[in-house]
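Coordinate analysis (summary)
The chain contents come next:
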Amino acid sequence: MSIIHILSESVANKIAAGEVVERPASVVKELLENSLDAGANRVEISVESGGKRRIRIVDDGQGMTHDDALLAFERHATSKIQSAEDLFEISTLGFRGEALPSIAAVSRLVLETRHASENSGTRVEINGGRLRDVKEVAWPQGTSIEVRDLFYATPARRKFLKSESTELGHVATLVTHYALAHPEKGFVLSSLTNTILQVSPVANHRERLYQVMGGQTLDQLLEMTPVERRVPMVPLPESGEPEEAAGEPPIIRVEGFVSRPEIQKLNRNNIYFFVNRRLVRDRLILHAITEAFRNILPSGVFPVALIFLEIPPSEVDVNVHPSKTEVRFRHGTFVHDLVRDSIRQTLLATRPVASFPVPKSAPPASLEVEAADVADALAEGPQRSATMPDFPARPATAAARPEFRLAPPRLEPRPQRLPLDSVLSPYAAAAMPGTIHVESPPAEESAIRAPRELPLDLQPLGQVQDSFIVAVNSEGLWIVDQHAAHERVLFDRHVRRRQEKKVEVQRLLMPIIVQLKPEQQATYQAIAEELAANGFEVEPFGQRTVAIKAAPADLPAEEVEKLMAEILDGVTREGAAISLDELRGKIAASISCHAAIKINMPLVHNKMDWLLQALGQADCPMTCPHGRPTVLRYGTKDLMKAFKRI
Ligand code: ADP
Ligand code: MG
């Protein structure tokens, strides 16, 4: 029985063309996808020399018949699609029928396989694209493919391969992605000396994440409540008929994990987006994730996110790029908003309880910003965050990333702990030539922690440098950044009042006359209405000059002019791309920053008490609107430990 066939030329021509065999990891990717498409429950991969010398992958999938084992190496030979229409409804990982011939052309390949319908297996040997040997062998059901000496006949291509450890890093990254996307399957990845990843089948993504990364990393993540939505029926532009007239509207499901607001990464390498269990890079979704974290994370730092989208195959086009890492959604805006809202909801709904150590290495960039520099940071920051983020097409530079050292692998039942920054990143490996990105020894815990929830019984004791409030309760010692804390309180209040259209306004004793630059004038005209809704009363006062007659309450008069300039400049830099929501967030952040208690300001006891209470009741008390931490904690246990009492 033969199930593989050669695609007709017309179908083949419609497939995104291009070479996919670039390095050992791309070979592993294609072979792994084939194993998963073949229904394997367990896939075992072993590599030598980072895969340059040898890659072997063994699966327990359906296997191939004798005839198929030969046909599989023809170009455009596939069992996965038949017609051009099938290209619009791809439910397998592969469909191009090109991987096996491409790999066989540049290596020494041995295939051993048996299909359930046949009594004996088939062994096929191909060198540099030439069939060397075919014979019958005894073989359990399933498939093994060995690829030796990649690019042996093309030294120019071989030269482009990186060091063993870098290539191994790429392979490890890749296998980890597939392991995360397929928790119900078992995976083993080993080199000659180490077992790099070994995971048995588990029930869900959470358990798989635990196997791969360990409890500590999992603790930093919030699990999203799965959300299912029907795609709204919209008329097709051509026909005017409802699009899904033929049947039920398709259902899209989102689930996954995002990092707690305190976790800040310096690049986007920890953002993973899977569509129907395929890891893809997608600007739209990256934007949705950034949007969800707006005013929770500062601009320029990024969350960890693993988003799994299940979508009917007809809703997504994977035939965009030969490596199948890019997709096009039929209802892009809908998917974008669904992802953004699901994450946002998770972030707002979660009031976690435990505390965790402040990361010692690579402190978030924003922590280095002085409170007095917040205005600068704000003027600069949102410009970056509001534009469509680029998903890096190339690995990040080495300078931007921390180094990781190879640690001895831990085998099951003790779960492996792979830090997100290293093995998981699709881009990490090449950034660190000569280093393997498998595991970093856990950093020693720092006693001072950014807590996750602010209790309401904090007793203020005083201030450090008139800037940081020191408080205590039964849990230990707390240090609060008074400016950041007050900013958060004011921001939440302003946003609420703006929503209720109840922003409090103060009349200024003397109108403030402000000269506007031409671009500020243009921006002012564009956002005048929103400014009014935020408590500004502004009137034209001659050419390019305005009079500010009233401003949001709480704002010291001397801040009004600066604030206005900051808002106008901030928006101007955005160009036209800024949404109303973004504009509102930005105005609220600016107002709260200028109205907030400054650092180097003595506070009376009552005021400190009030601030701690108010912060405890804020929606997101642990970060300021720019995403910096507001509170640190030195727990009682840490004190005991430090004084060697336990
Ligand atoms: P594609 O995956 O795009 O169909 P490939 O060149 O990767 O193209 O594989 C060609 C065909 O070989 C597949 O369609 C499948 O029928 C068969 N095949 C490849 N690998 C396996 C495997 N591990 N188990 C069973 N069949 C396989
Ligand atoms: Mg394939």
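If you're wondering where the values come from, they're calculated on a predicted model, not measured in any experiment.

Conventions we followed
- Residues numbered from 1 in each chain as written.
- Chains lettered and ligands numbered in written order.
- Predicted model: local features only at pLDDT ≥ 70, side-chain atom pairs only at ≥ 80, totals over all residues.
- Heavy atoms only, no water.
- Phe/Tyr/Trp six-rings, centres within 6.5 Å; stacked < 30°, edge-to-face > 60°.
- Helix = DSSP H or I, 4+ residues; strand = E, 2+ residues; numbered from the N terminus.
- Buried < 20%, exposed > 50% of the residue type's maximum accessible area, 1.4 Å probe, protein only.
- Lys NZ or Arg CZ within 6 Å of the ring centre and 35° of its normal.
- Near = heavy atom within 4 Å.
- Polar contact = N/O pair within 3.5 Å; in protein donor to acceptor, adjacent residues only side chain to side chain.
- Areas by Shrake-Rupley, 256 points an atom, 1.4 Å probe, with all protein chains shown as cover.
- Core = buried A, V, L, I, M, F, W, Y, C linked by side-chain atoms within 4.5 Å.
- Domains from an automatic or database assignment.
- Contact = heavy atoms within 4.5 Å.

In the structure shown here, the tally under the stated rule is two aromatic pairs. Measuring from ring centre to ring centre gives 4.8 Å for phenylalanine 274 and phenylalanine 308, while their planes differ by 15°; the resulting arrangement is stacked. Remark: phenylalanine 308 occurs in strand β16 (residues 305-310) and phenylalanine 274 occurs in strand β14 (residues 271-275); sequence separation between them is 34 residues. Judged by its relative accessible area of 1%, phenylalanine 274 falls in the buried class. Owing to a relative accessible area of 5%, phenylalanine 308 belongs among the buried residues under this scheme. Arginine 108 extends its terminal NZ or CZ atom over the ring of tyrosine 152, reaching a point 3.9 Å from the ring centre.

Turning next to the site of ligand 1. By nearness alone, 21 residues border ligand 1, and Asn34, Thr78, Ser79, Lys80 and Gly97 come closest of all. Within the contact set of ligand 1, an oxygen atom lies 3.0 Å away from a backbone nitrogen or oxygen of phenylalanine 95. The separation between a nitrogen atom of ligand 1 and a polar side-chain atom of threonine 143 is 3.3 Å. Within the complex, the protein chains bury 96% of what would otherwise be the 530 Å² of accessible surface of ligand 1. Elements that contribute at least two residues to the shell around ligand 1 include exactly α2 (24-37), β4 (77-78) and α4 (99-105).

The next subject is the nonpolar core. Grouped together as the largest cluster of nonpolar side chains are 61 residues, with contacts concentrated most on Leu32, Ile45, Val147 and Leu306. It is helix α6 (residues 164-181) that contributes the most residues to this core, nine residues altogether. Each of domain 1 (9-198) and domain 2 (220-232 + 249-350) gives at least three residues to this core. Residues in contact with valine 147, not counting those within four places in the same chain, are Val27, Leu31, Arg53, Arg54, Ile55, Ile103, Ser107, Arg108 and Leu109. Leu222, Ile271, Ile307 and Phe329 belong to the second largest nonpolar core, which has 42 residues in total.

What follows is about the side chain of asparagine 534. As for its position among the elements, asparagine 534 is in the loop between α14 (518-533) and β25 (537-540). Classification of asparagine 534 as buried rests on a relative accessible area of 0%. Polar side-chain contacts of asparagine 534 include one of 2.7 Å to the side chain of histidine 494. Among the polar contacts listed, one links the side chain of asparagine 534 to the backbone oxygen of glutamate 530, at a separation of 2.8 Å. Sequence-distant contacts of asparagine 534, defined by excluding residues within four places in its chain, comprise His494, Arg498, Val503, Pro552, Ile587 and Ile591.

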